[in-house]
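Each chain, written out:
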Amino acid sequence: MTESGESSLAGIDLLSGLSSTERREIEQACSWKRFIAHQQIIDRNSQSRGVYMIVEGQVRIVNYALSGREVTLGELPEGSYFGELAAIDGRPRSARVIALTNSLIAALPGSKFLEMLGNHPSIALKVLVQLASVVRDSNERIMDLSTLGANNRGHAELLRQARENMDGDDRAVIKPNPLHGDIASRVSTTRETVARVMNNLARRAIVKRTKEALIIIDVEKLHAMVQEVRGE
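Quick look at the structure, then. (Residues numbered from 1 in each chain as written. Predicted model: local features only at pLDDT ≥ 70, side-chain atom pairs only at ≥ 80, totals over all residues. Heavy atoms only, no water.)

Side note on the overall build of the protein
Then, in step 1: A tally of helices and strands in the protein yields 8 helices and 12 strands.
Then, in step 2: For the protein, the C-alpha radius of gyration of 19 Å lies close to 17 Å, the compact-globule estimate for 232 residues.
Then, in step 3: Judged by the C-alpha coordinates and their principal axes, the protein covers about 55 × 40 × 35 Å.
Then, in step 4: For the protein, buried positions account for 43% of its 232 residues.
Then, in step 5: Once local pairs closer than 6 in sequence are excluded, the contacts in the protein between residues at least 24 apart make up 69%.
Then, in step 6: Each charge sign in the protein was given a centre, from 30 positive and 29 negative side chains, and these centres are 5 Å apart. (Helix = DSSP H or I, 4+ residues; strand = E, 2+ residues; numbered from the N terminus. Rg over C-alpha atoms; globule rule 2.2 N^0.38 Å. Buried < 20%, exposed > 50% of the residue type's maximum accessible area, 1.4 Å probe, protein only. Contact = heavy atoms within 4.5 Å. Lys, Arg positive; Asp, Glu negative; His and termini not counted. Charge placed at Lys NZ, Arg CZ, Asp CG, Glu CD.)

Below is the structure:
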């Protein structure tokens, strides 16, 4: 991890409504650090309060079951932010965050983040909308884990990722190609089960795997499969 020189937060969506002068004030309040792929950025139960903005790279948010098994909660792309919960409620970190790729991270002190929310209601609203999205997604995942079989949970996870990577009305392109182990950790199953799910979907011409990406050829058909087992 090394300190970086002059850097910009122009690509951070949360700050898109600020003037260049206002954004520079936030930039000057940040500490800038580079992380290599797979390096820990923050640890679960840490007492730190900063909010982190992904200037370059991609990160993964993980937690651990009592058995020690790693559970992937999500991945965040360049332009995103994380760590706002500890800044807002003052409690320890709820998850571990690691760099998925080489990344440049800007850390804004929690006190400065709260000050920014107070001074800029539009930013506070964006944070509220993001938190609402997290709650809705968590509710859906909890219901899936409680009511769906392993194969169906795999279908539901692929549909979630497809919706975030649409490439047309009925096609999605997920890059990089998700590993079976990563999908398995998200839906509490095994790599072998995910492999069987993928093979079955490929035989039905719903998905196609290339070296660079997983292509969901027929998102509507995948959606129908998930709806049927959810009873929607």
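Let us keep going from here.
Section: the packing of aromatic side chains
Then, in step 1: Summed over all chains, the structure comprises 1 aromatic pair.
Then, in step 2: Ring centres of Tyr52 and Phe82 lie 5.3 Å apart, and the angle between their planes is 10°; this geometry places the pair in the stacked category. Separated by 30 residues along the polypeptide, Tyr52 in strand E4 (residues 51–56) and Phe82 in strand E7 (residues 81–82) bring together distant segments of the chain. (Phe/Tyr/Trp six-rings, centres within 6.5 Å; stacked < 30°, edge-to-face > 60°.)

Let's talk about the sheet that holds strand E12 (residues 214–216)
Then, in step 1: Spatially, E10-E12-E11 is the arrangement adopted by the 3 strands of the open sheet, whose pairing is antiparallel. The open sheet is flanked by strand E10 (172–174) and strand E11 (207–209), the only strands paired with a single partner. Geometrically, the sheet is characterised by an average inter-axis angle of 15° between neighbouring strands, direction not taken into account.
Then, in step 2: With 3 bridges joining them, E10 and E12 adopt antiparallel strand pairing. From the neighbouring strand, Ile174 faces E12, where its bridge partner is Leu214.
Then, in step 3: Against the sheet, helix H5 (residues 150–163) contacts E10 and E12, and its axis sits at roughly 100° relative to E10. (Pairing = 2+ DSSP bridges. Axes fitted to C-alpha atoms, helices over the stretch in contact; angles between N-to-C directions.)

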